Amino acid sequence: MSEHDHLIAMLNRLKLTALRDQLDSLIDEAGRRELTIRESLALFCEREIARRDQRRIDMGFGLARFPFVRELAGFDFAAQPSLDKAQIREIASGRFIANGEAVLFLGPPGVGKTHLAVAIGREAIVAGYSVLFSPATTLVAQLAKAHADGRLEEKLLQYTKPKLLIVDELGYLPFEPDAAHLFFQLVSRRYEKGAMLVTSNRAVGEWGSVFGDPVVATAILDRLLHHSHVVTIRGDSYRLREKRRSGLLQKPAAAPQPTTA
C-alpha cells in the first residue's frame, strides 16, 4: 500500500471525510501559503468542521419539513411597517428557544407570517437547534389518529422532542373539541421545556371559537402567553399586492364622502 493510500485509509477509519476528499488540494493550499505544521493542522480541522456543520444543517433542514425555503434577508420589512425589525432579529437570534418560550405571529393571510416562521426556523437549525414545522391541521389530525390507534404517547413524544416546534396557520379551520384537548396536552408537555412558534390569522381573543371550547383555549393561552413574544402584523397581503400590480385586481374604491346641502 502506498503512503497516499495508507493515509486515505486512516482518514476513512477516523471518518474524516472532508480531509479525505480534499486531501491533495488542502496540502497544495498549505504549501502555497507556506503554512507551518500547526497552521496546516488548523486549516485541515477547519475544513473538516465546516463539512460536518454543513451536513448537520442539511439534515436539520430535511427533518424540519419546511414547505419551502425562505430567508430572513428576503423578507420585505418596508412593505410591513407595523413590524419592528429589531424585534424580529432578536427572535431570530434563538434566545427564546434556549429559554423554552413561545412566539406568536398574528395577522391576516398573506402578510408574511409563514415566511418569518420558516426563516427563523432555518436560523435556529444553523445555530444548532432541532426544529419541526407542521401546519396546525396536520398536527391535530396526526394527534387524533394516534389517539384512536392507541399511540398518542408516541406521537406526543415526536412533537415534544424538537427544541423548536413551529405550528403554522392555526385558526384557518376550527378544531374539533377532542382535537383541542389533544393540542392542550402537547402545549402542556412543551411548557417551559421546548419553544413554540405559532402563526395565526386570529387574534388570541378569538381562539375560543377556534378550539371550540373557551375553557381549553384559555388553558392553552395561559401556557403559551406566560413566556411569550406576541407579534401582530398589520398590512396588505403580499400575494394580493402582486395581483394589483399586474392589474388583475383593483384597489378598493374609496368610500363616497357625504355631501352637505
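Residues numbered from 1 in each chain as written. Predicted model: local features only at pLDDT ≥ 70, side-chain atom pairs only at ≥ 80, totals over all residues. Heavy atoms only, no water.

Novice: What should I look at first to understand the domain arrangement of the chain in this one?
Specialist: Accessible area lost upon the coming together of the parts serves often as the stated size of an interface. According to the domain assignment, the chain consists of domain 1 (3-58) and domain 2 (72-244). Centre-to-centre separation of domain 1 and domain 2, based on C-alpha positions: 41 Å. (Domains from an automatic or database assignment.)

Novice: Honestly, the packing of aromatic side chains in this entry has me stumped. Any pointers?
Specialist: Geometry of an aromatic ring pair is reported as the spacing of the ring centres plus the angle between the planes. The full count for this structure, using the stated rule, is six aromatic pairs. With 4.9 Å between their ring centres and 65° between their planes, F75 and F77 make a pair best called edge-to-face. Residues F75 and F77 agree in their burial class; the two are buried. These aromatic residues form a ring-pair network of at least three members: F175, F183, W207 and F211. Across from the ring centre of F68, 4.1 Å away, lies the NZ or CZ of R70, which sits over that ring. Sitting above the plane of the F61 ring, R122 keeps its charged end 4.0 Å from the centroid. (Phe/Tyr/Trp six-rings, centres within 6.5 Å; stacked < 30°, edge-to-face > 60°. Buried < 20%, exposed > 50% of the residue type's maximum accessible area, 1.4 Å probe, protein only. Lys NZ or Arg CZ within 6 Å of the ring centre and 35° of its normal.)

Novice: I'm lost on the sheet that holds strand β2 (residues 131-135) in this one. Help?
Specialist: Adjacent strands of a sheet form backbone hydrogen bonds with each other and so pair up, either parallel or antiparallel. Here we have five strands laid out as an open sheet, ordered β2-β3-β4-β1-β5, and parallel in their pairing. With one partner strand each, in any of the chains shown, β2 and β5 (228-232) form the two edges of the open sheet. For this sheet the average axis-to-axis angle between neighbouring strands, irrespective of direction, equals 10°. Here five bridges tie strand β1 (residues 102-106) to strand β4 (residues 195-200), and the two strands are oriented parallel to one another. Pairing of L106 across the sheet is with S200, part of β4. (Pairing = 2+ DSSP bridges. Helix = DSSP H or I, 4+ residues; strand = E, 2+ residues; numbered from the N terminus. Axes fitted to C-alpha atoms, helices over the stretch in contact; angles between N-to-C directions.)

Novice: Would you take a moment to explain unusual backbone geometry for this structure?
Specialist: Both trends apply: most residues other than glycine have a negative phi, and most peptide bonds are in trans. A positive phi angle, close to 60°, is found at K15, a residue other than glycine. The topology assignment puts K15 in the loop between α1 (3-13) and α2 (17-32). Looking at K15, the relative accessible area reads 60%, which means it is exposed. Notably, E34 is not glycine yet its phi reads approximately 55°, a positive angle. Its relative accessible area of 69% is what places E34 among the exposed residues.

Novice: Help me understand the packing of α1 against α2 in this model?
Specialist: Each pair of packed helices can be described by the angle between their axes along with the distance between the axes. Here α1 crosses α2 at 150°, and the two axes come no closer than 8 Å. Considered as vectors, α1 and α2 are oriented roughly antiparallel to each other. Two secondary-structure elements touch here, α1 through H4, L7, I8, L11 and N12 and α2 through L19, R20, L23 and D24. (Parallel < 35°, antiparallel > 145°, perpendicular 65-115°, else oblique. Contact = heavy atoms within 4.5 Å.)

Novice: What should I look at first to understand the UniProt feature "domain: AAA+ ATPase" (unreviewed entry) in the chain in this one?
Specialist: Taking the numbering used here, the UniProt-annotated feature "domain: AAA+ ATPase" (unreviewed entry) corresponds to residues 99-231. Secondary structure over residues 99-231 splits into 50% helix and 20% strand, and the C-alpha atoms at its two ends are 18 Å apart. (UniProt positions renumbered as here; feature names shortened; annotations may be inferred.)

Novice: Whenever I open this one, the packing of helix α9 (residues 177-190) against helix α11 (residues 214-224) confuses me. Can you help?
Specialist: It is the contact of α9 with α11, at a shortest axis distance of 10 Å, that shows an interaxial angle of 20°. The orientation of α9 with respect to α11, classified from their angle, is roughly parallel. Seen along the crossing, α9 lies across α11 with a hand that is left-handed. Only V216, A219, I220, R223 and L224 of α11 make contact with α9, whose side of the interface consists of A180, H181, F183, F184, V187 and S188. Residue classes in the contact of α9 with α11 are distributed as eight nonpolar, two polar and one charged. (Left-handed = near helix turned anticlockwise from the far one by under 90°. Nonpolar A, V, L, I, M, F, W, Y, C, P; charged D, E, K, R; others polar.)

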